[in-house]
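Survey of secondary and tertiary structure
These are the residues of each chain, in order.
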Amino acid sequence: MPKLNRPLTLSEKIVYGHLDDPHNQEIDRGRTYLRLRPDRVAMQDATAQMAMLQFISSGLPKVAVPSTIHCDHLIEAQIGGAQDLARAKDVNQEVYNFLSSAGAKYGVGFWKPGSGIIHQIILENYAYPGVMLIGTDSHTPNGGGLGAICIGVGGADAVDVMAGIPWELKCPKVIGVKLTGSLSGWTSPKDVILKVAGILTVKGGTGAIVEYHGPGVDSISCTGMATICNMGAEIGATTSVFPYNHRMRTYLEKTGREIAALADEYSDLLVPDEGCEYDQIIELNLDELKPHINGPFTPDLAHPVSKVGAVAEKNGWPLDVKVGLIGSCTNSSYEDMGRAASLAKQALDKGLKCKAQFTVTPGSEQIRATIERDGYAKTFRDVGGVVLANACGPCIGQWDRRDVKKGEKNTIVTSFNRNFTARNDANPATHAFVTSPEIVTALAIAGTLNFNPETDYLTAPNGEKFKLEPPTGDELPSKDFDPGQDTYQHPPADGTSLKVDVNPQSNRLQLLEPFDKWSGNDLEDMQVLIKVKGKCTTDHISAAGPWLKFRGHLDNISNNMLIGAVNSENDAINKIKNHLNGEYGGVPDVARHYKANGVSWVVVGDDNYGEGSSREHAALEPRHLGGRAIIVKSFARIHETNLKKQGLLPLTFSNSSDYDKIRPDDKISIRGLKTFTPGKPLTAVVKHSDGTEETLELNHSFNETQIEWFRAGSALNRMKSLQH
């Protein structure tokens, strides 16, 4: 490895320890690209469909690294755990059969529906200090709670690693968060990341790993550290990580992993070096940290719980809490459930039930079985709660919500990680707030945002006024975990003779056709399909919820392309002008019309374009429907890489005010592609309909390898050409 001759941060030790060619790798934080060899791949079922379809079309016989598929995204919350799971198995049978058979054929482990949420399963089974894992879900960083470097990527990146090709990552900067003091009372690990999100905003962590350190770390449980790392996705961070300590050792032992002794032996390698340098430092005193609640509509709008009621009144946000939802991949640990149950029990002892609806999502079959055995689940049901399936459910929009009409203004509070407009229930008027499971439970009991459990009183049915005592809960079960049902399918030693079925008539699965190669010429006179105004997350580009069922069928899911984006021309959603016929139509319909008529097109966007999920469909769809370039002020990391992998050009305005010069009816040519080289800007010639022209400079972050993807038409095309 090149001699850096300096103390290293923990994340540097782990990341640089996975370099493909350490001797020749140039390391410069925030500038050079690292070629890495991750240890493992994990995929959730919504993204695994496209990842496995891409792996199949690569022509390789078996995955090169240990890989797993986790069925957690396709189970809709409706009635309760058992019934919802049975319905999902029936409705999604074709997809589950495909993933199960593809896993068996190509050597991928398969966690059946009902096993639990990918990130919880990884924490319980696969993450350990010093491992490097990539997962096809933006909340993969959850594993940082066990001192692991776990990074969310698109499915095409997972295919690289499964194919045994070095995986590329821009050398991350490192943001240090120094924790002092200790957590106590109503303050929980969630409040650490809610506060950090308020400081750094949704893009403050872009291009960086967030590394927590300092004396305050030891006051946080292992699963609490995982909560903090999980929601680091909301600040755009590449991943987040904690240094190895005794809380991690205890968790490893409780989950039956013998690696704890090895971690102890090498503990000096699993913490940052004395005197290492961070690109930015944030200090948080946990003694002074108060419970927080973030929202609505964005996860970085932070409020102390004590003030949110007044802020809501001032802003006209509904104070009545309609539903409180706890659990999810972020907050469904045994400790979370115990602390929430301790509050529910206090209310029950005084004869009170929840005023709001209340749902509980266990993170895994192991958590579900253990909270049933230890009585927490009964307490939740007694207070008025419903225990949902071990799956993502309402957190990702898999929620058949019936208590409010679409468009009806209302408030919900969740212990989830993300609260973009319409994400949970497809209702843009739902004001969703993100907080800890304890605060969700307290607000569900009180029924209003205007309730501070630290100071305010509840009234029992007999008229007695009482205050909730701060929550308490065991970090780990004293009687050990109950594993529940065995839901894991190990791949056979040799799957070469097995078949993977994809029915050509299926409306849910479709084998992939390779994208066309670059023609060798500049891209001339491309139509602006839509000029997007304001926030445009991957939920806006490729909505989840009901669309999840088409994740394995590129043509069908492309009907949701950019249907949530705001058109700058008319402030409308999914209403753009078709410049071939002068009529207005939906974005995917106009794109299809252009493609059918041989017209290439571009999308123009605002800042942090593509923040949110690792959803590679948000890159596949524009490519499939004839898009060639996405030109914006700035990109979110995963989305920018996903676009490159599919042979698109993600470009940024050299001068961000040039965004204002683009008109919805412009034609754009991109020049300089014949001499396309790293670090050298491209040129856009913009033709306005009045006959005038402007020339703009466009920056890109392509390296040599990525330019090869563009020339080949996609990373997958390039991979195939290298095999022959």
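Keep in mind it's a predicted model, so treat the numbers as computed, not measured. (Residues numbered from 1 in each chain as written. Predicted model: local features only at pLDDT ≥ 70, side-chain atom pairs only at ≥ 80, totals over all residues. Heavy atoms only, no water.)

Section: the nonpolar core
Selection rule: Here, nonpolar core refers to any group of buried Ala, Val, Leu, Ile, Met, Phe, Trp, Tyr and Cys residues whose side-chain atoms link them within 4.5 Å. For the exposure calls, accessible area comes from a 1.4 Å probe over protein chains only, and a residue counts as buried if that area is under 20% of its type's maximum, exposed if over 50%, partly exposed in between. Only heavy atoms enter the contact rule, under which two residues are in contact if any of them lie within 4.5 Å.
Met-52, Leu-179, Tyr-212 and Phe-242 are the most contacted members of the largest nonpolar core, which totals 160 residues. Excluding residues within four positions of it along the chain, Tyr-212 makes contact with Val-177, Leu-179, Val-192, Ile-193, Val-196, Val-217, Ile-228, Ser-240, Val-241, Phe-242 and Pro-243.

Concerning the pattern of salt bridges
The following threshold applies: Salt bridges are defined by distance alone: a side-chain nitrogen of Lys or Arg within 4 Å of a carboxyl oxygen of Asp or Glu. Put simply, DSSP H or I for four residues or longer makes a helix, DSSP E for two residues or longer makes a strand, and each gets a number counted from the N terminus.
Scanning the model with the defined rule gives 41 salt bridges in all. The salt bridge partner of Lys-535 is Glu-611, with a shortest N-O separation of 3.0 Å. Linking Lys-535 in the loop between strand 22 (523-531) and helix 16 (538-541) with Glu-611 in the loop between strand 25 (601-605) and helix 19 (617-624), this pair joins segments that are 76 residues apart in sequence. Classification of Lys-535 as partly exposed rests on a relative accessible area of 32%. Since its relative accessible area comes to 7%, Glu-611 is described here as buried. One salt bridge in this structure joins Asp-658 and Lys-661, with 3.1 Å as the shortest N-O distance. Three or more residues joined by partner-sharing salt bridges are found here, namely Arg-6, Glu-12, Arg-29 and Asp-279.

Points about the sheet that holds strand 22
Spelled out, the test is: A pair of strands is considered paired only if DSSP assigns at least 2 bridges between the two. A fitted line through C-alpha atoms serves as each axis, taken over the contacting stretch for helices, and the angle formed by two N-to-C directions is quoted from 0 to 180°.
Pairing is mixed around the closed barrel formed by seven strands, whose spatial order is 22-25-26-27-30-29-28. Strand-to-strand, the axes of this sheet are offset by a mean angle of 40 degrees, without reference to chain direction. In this structure, strand 22 lies alongside strand 28 (residues 667-671), joined through three bridges in antiparallel fashion. Within the sheet, the bridge partner assigned to Leu-523 lies in strand 28 and is Ile-670.

Here we look at the layout of surface pockets
The criterion, for reference: Here a cavity denotes a set of grid points, spaced 1 Å apart and computed over the protein atoms alone, in which a 1.4 Å probe fits but from which it cannot get out, and a pocket denotes an open set meeting protein on both sides within 12 Å along at least five of seven lines; residues with an atom within 4 Å of a point are reported as lining. Grid points are joined across faces, edges and corners, and a volume is the space filled by probe spheres set on the points. Under the scheme applied, nonpolar residues are Ala, Val, Leu, Ile, Met, Phe, Trp, Tyr, Cys and Pro; charged residues are Asp, Glu, Lys and Arg; polar residues are all the others, including Gly.
Volume-wise, the largest pocket comes out at about 930 Å³. Mapped by element, the contributors of at least two residues to the lining of the largest pocket are helix 3 (81-91) and helix 16. Ranked by residues supplied to the lining of the largest pocket, first place goes to helix 3 with three residues. Split into classes, the residues belonging to the lining of the largest pocket amount to 17 nonpolar, 10 polar and 11 charged.

Observations regarding the sheet that holds strand 8 (residues 173-180)
Across the sheet, which stays open at both edges, the four strands sit in the order 10-9-8-11 with parallel pairing between neighbours. Since the sheet does not close on itself, it has two edges, and those belong to strand 10 (239-241) and strand 11 (280-285), each with one partner. Geometrically, the sheet is characterised by an average inter-axis angle of 20 degrees between neighbouring strands, direction not taken into account. Taken together, the six bridges between strand 8 and strand 11 define a ladder with parallel strand orientation. Opposite Ile-175, over in strand 11, you have Gln-280 as the bridge partner.

Considerations on a nonpolar patch on the surface
Applicable threshold: Patch membership requires over 30% relative accessible area and the absence of a salt bridge. Like charges are linked within 9 Å, and nonpolar side chains (Val, Leu, Ile, Met, Phe, Trp, Tyr) within 5 Å. Note that accessible areas follow from Shrake-Rupley with a 1.4 Å probe, and for residues the cover is restricted to the protein chains shown.
A surface patch of nonpolar side chains, amounting to about 290 Å² of accessible area, comprises Leu-262, Tyr-266 and Leu-269. On the secondary structure map, Leu-262 appears in helix 10 (residues 260-265).

As for the UniProt feature "domain: Aconitase A/isopropylmalate dehydratase small subunit swivel" (unreviewed entry) in the protein chain
Filter applied, for reference: UniProt positions are given in the numbering used here, feature names are shortened, and annotations may be inferred rather than shown by experiment.
The UniProt record annotates "domain: Aconitase A/isopropylmalate dehydratase small subunit swivel" (unreviewed entry) at residues 526-655. Secondary structure across residues 526-655 divides into 27% helix and 20% strand, with the first and last C-alpha atoms of the span separated by 21 Å.

What about helix 7 (residues 189-200)?
Worth spelling out the cut-off: Here the expected length of a helix is defined as 1.5 Å per residue gap, with one fewer gap than residues.
Taking 1.5 Å per residue as the helical rise, helix 7 with its 12 residues ought to reach 16 Å, and the 17 Å between its terminal C-alpha atoms agrees with that figure. Of all 12 residues in helix 7, nine are buried; the element is thus mostly enclosed. Listed in full, the buried residues belonging to helix 7 are Pro-189, Lys-190, Asp-191, Val-192, Ile-193, Leu-194, Val-196, Ala-197 and Leu-200. After helix 7 finishes, the residue Thr-201 shows a positive phi value of roughly 65 degrees.

Focus: the side chain of Asp-191
Tracing the backbone through its elements, the reader meets Asp-191 in helix 7. Not counting residues within four places of it along the chain, the set of residues in contact with Asp-191 comprises Trp-186, Leu-289, Lys-290, Pro-291 and His-292.

Comments concerning the side chain of Asn-703
Note the following rule: Under the rule applied, a polar contact is a pair of N or O atoms within 3.5 Å (in protein, one hydrogen donor and one hydrogen acceptor; residues adjacent in sequence only if both atoms are side-chain atoms).
Along the chain, the position of Asn-703 falls in the loop between strand 30 (693-699) and helix 21 (704-712). At 2.9 Å, the side chain of Asn-703 and the backbone nitrogen of Gln-706 are in polar contact. Sequence-distant contacts of Asn-703, that is, excluding residues within four places in its chain, are made with Tyr-33, Glu-168 and Pro-678.

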